[in-house]
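Chain residues, written in single-letter form:
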Amino acid sequence: MQINKIETDCLIIGAGPVGLFSVFELGLLDIKCDIVDILDKPGGQCAELYPDKPIYDIPGIPEISGEGLVDSLLKQIKPFNPAFHLSRIVTEIKKVDDTWEVKTDAGDVFYTKVIVIAAGGGSFQPKKPPIKEIENYEGSSVFYSIRDKHKFKDKDIVIAGGGDSALDWVIDLHDSAKSLTLVHRRKEFRAVPDSVNKVHELIEAKKINFELGQINVLSGDDGSLKSVSIKNKEEEKNINCEVLLPFFGLTMKLGPVADWGLNLNENLIEVDTKKFETNQKGIFAIGDINTYPGKLKLILCGFHEAALMAQEAHGYIYPDKKITFQYTTSSSSLKKKLGVAT
Ligand code: FAD
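None of the values given here were measured: they were computed from a predicted structure.

Rules behind the numbers
Residues numbered from 1 in each chain as written. Predicted model: local features only at pLDDT ≥ 70, side-chain atom pairs only at ≥ 80, totals over all residues. Heavy atoms only, no water. Helix = DSSP H or I, 4+ residues; strand = E, 2+ residues; numbered from the N terminus. Rg over C-alpha atoms; globule rule 2.2 N^0.38 Å. Buried < 20%, exposed > 50% of the residue type's maximum accessible area, 1.4 Å probe, protein only. Contact = heavy atoms within 4.5 Å. Lys, Arg positive; Asp, Glu negative; His and termini not counted. Charge placed at Lys NZ, Arg CZ, Asp CG, Glu CD. Axes fitted to C-alpha atoms, helices over the stretch in contact; angles between N-to-C directions. Parallel < 35°, antiparallel > 145°, perpendicular 65-115°, else oblique. Left-handed = near helix turned anticlockwise from the far one by under 90°. Nonpolar A, V, L, I, M, F, W, Y, C, P; charged D, E, K, R; others polar. Near = heavy atom within 4 Å. Polar contact = N/O pair within 3.5 Å; in protein donor to acceptor, adjacent residues only side chain to side chain. Areas by Shrake-Rupley, 256 points an atom, 1.4 Å probe, with all protein chains shown as cover. Pairing = 2+ DSSP bridges. Right-handed = clockwise from strand over helix to strand, strands pointing away.

Visitor: How should I be thinking about the overall build of the protein in this particular structure?
Guide: A count of helical and extended segments in the protein gives seven helices and 21 strands. The C-alpha atoms of the protein give a radius of gyration of 23 Å, which matches the 20 Å a tight globule of 342 residues would have. Reported as C-alpha extents along the three principal axes, the dimensions of the protein are approximately 70 × 45 × 40 Å. Taken across its 342 residues, the protein has 47% of its residues classed as buried. Taking contacts inside the protein between residues at least 6 apart in sequence as the whole, the part at least 24 apart equals 59%. Separation of charge centres in the protein, based on 42 positive and 49 negative side chains, amounts to 1 Å.

Now the structure itself:
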């Protein structure tokens, strides 16, 4: 795996609403952020669990959908130009002298003075199908998310599932694959109507194959898949398969956060409510992942926590510079970034 070394002022773990708003609060204090998320898009629970549902308790916005809030936050933080590193999980945090070294499963190594954990309910992780020895092929022939679709060009691909992710990738990959088979245990799909219609058209035009049933055996050598066996009520058949992409949704687990030497209380990170710092100097925890007396898992509470965290984080990045509190209405540095007259 190629190692990618990145120096940054602040590494934010989690691109949910609270991680995104931190970019704004830190940006106001001239702190440059890199932000990592397991998901392939920003937005955390709002984007993954309820994009179309209305939210009614964001101050000053009577009603906004989960997706609408994420879009607005992305617009709001654009002037601060955060670097997004998506589809990767932060696995390790280590202190080296006075710098934190943070590793992801994609080979990134971040060097940073400040870490903001905005990991929500923990990591979204793929639901894995119960197929014997599937772990022998994971990462080489079996993938639960896609970082680089070009490596699947001219391959025999099997996509399993009937939801949005499965259908989106069928539509995206069918042109470049050698063959593409969609396997689902029902004839009906549970995805947005436009994707469902497109996939039906591809099946009718014989541009992809559809198999009703479930994958029960994988065959190959040394992690290289050659075929899969699909079983339904009537028959069991073998089809060529070099790449298997199971998309059965996501589940939330605490994940690696538990191993970072932080004080936990019922799987949540303990913080003090003055600065939202953890028991480790320079590591902050905000949003749904933290706990303190009176904590409410609400987006607006996470936003408040981000503002206080940023004031304290400033001291780690600019130890010799006194912080000057400014309203956004009069912040000269914000106006410069927005390109408006001061
Ligand atoms: P999240 O949104 O959970 O985002 C955390 C992100 O961190 C995720 O994207 C995850 O993939 C990532 N992550 C975790 N671990 C790692 C790791 N190790 N490496 C890389 N990335 C990692 N709140 C309201 O205020 N009002 C509402 O009306 C409301 N309605 C809701 C309705 C539903 C159905 C649900 C489920 C929740 C609702 N909430 C509501 C709660 C709200 O969504 C959460 O409070 C909010 O999403 C918390 O934001 P967050 O940024 O802390 O975490």
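Visitor: Explain the packing of helix 1 (residues 17–27) against helix 3 (residues 66–77) to me, please; I cannot follow it from the model alone.
Guide: Helix packing geometry: the angle between the two helix axes and the distance between the axes. Where helix 1 meets helix 3, the axes come as close as 9 Å, and the angle between the chain directions of the two elements is 20°. Of the possible angle classes, the one that applies to helix 1 and helix 3 is roughly parallel. Here the hand of the crossing between helix 1 and helix 3 comes out left-handed. Residues Pro17, Leu20, Phe21, Val23 and Phe24 of helix 1 touch helix 3, and the partners they reach there are Val70, Leu73, Leu74, Gln76 and Ile77. Split into classes, the residues belonging to the contact of helix 1 with helix 3 amount to nine nonpolar, one polar and no charged.

Visitor: I'm lost on the site of the ligand in this one. Help?
Guide: In the vicinity of the ligand, 33 residues are found, and the nearest of them are Asp37, Gln45, Tyr50, Asp288 and Ile299. The separation between an oxygen atom of the ligand and a polar side-chain atom of glutamine 45 is 2.9 Å. With respect to the ligand, the side chain of tyrosine 50 contributes an N or O atom lying 2.5 Å from an oxygen atom. Coverage of the ligand by the protein amounts to 87% of the 1,000 Å² it exposes when considered alone. At three residues, helix 1 tops the list of elements feeding residues into the shell around the ligand. Partitioned by chemical class, the residues of the shell around the ligand number 18 nonpolar, ten polar and five charged.

Visitor: How should the sheet that holds strand 19 (residues 268–270) be read in this particular structure?
Guide: Neighbouring strands of a sheet are bound in pairs by backbone hydrogen bonds; such pairs are parallel or else antiparallel. Across the sheet, which stays open at both edges, the three strands sit in the order 18-19-21 with mixed pairing between neighbours. Where the open sheet ends on each side, the last strands, each with one partner, are strand 18 (264–265) and strand 21 (290–291). Pairing of strand 18 with strand 19 involves two bridges; the strand directions are antiparallel. Following the sheet pairing, asparagine 265 is matched in strand 19 by leucine 268.

Visitor: Sorry if this is basic, but what is going on with the pairing of strand 10 (residues 156–160) here?
Guide: Looking along a regular strand, one sees the side chains alternate between the two faces of the sheet. With five of its five residues buried, strand 10 lies for the most part within the structure. Burial of strand 10 is two-sided: the residues Asp156, Val158 and Ala160 facing one way and the residues Ile157 and Ile159 facing the other way are all buried. Here strand 10 pairs with strand 11 (residues 179–184) via five bridges, running parallel. When the bridges of strand 11 are listed, alanine 160 appears paired with valine 183. On the question of chirality, the crossover connecting strand 10 to the parallel strand 11 by way of helix 4 (residues 164–173) is right-handed. Pairing between strand 10 and strand 16 (residues 243–246): four bridges, direction parallel.

Visitor: Help me out: how do you make sense of the environment of glutamate 305 in this one?
Guide: Inspection of the secondary structure puts glutamate 305 in helix 6 (residues 299–317). A relative accessible area of 0% means that glutamate 305 is categorised as buried. Along the backbone, glutamate 305 and serine 22 are 283 residues apart, and their C-alpha atoms lie at a distance of 8.9 Å. Residues in contact with glutamate 305, not counting those within four places in the same chain, are Phe276, Ile286, Gly287, Asn290, Tyr292 and Lys295. Polar contacts involving the side chain of glutamate 305 include one to the side chain of asparagine 290, which spans 3.0 Å.

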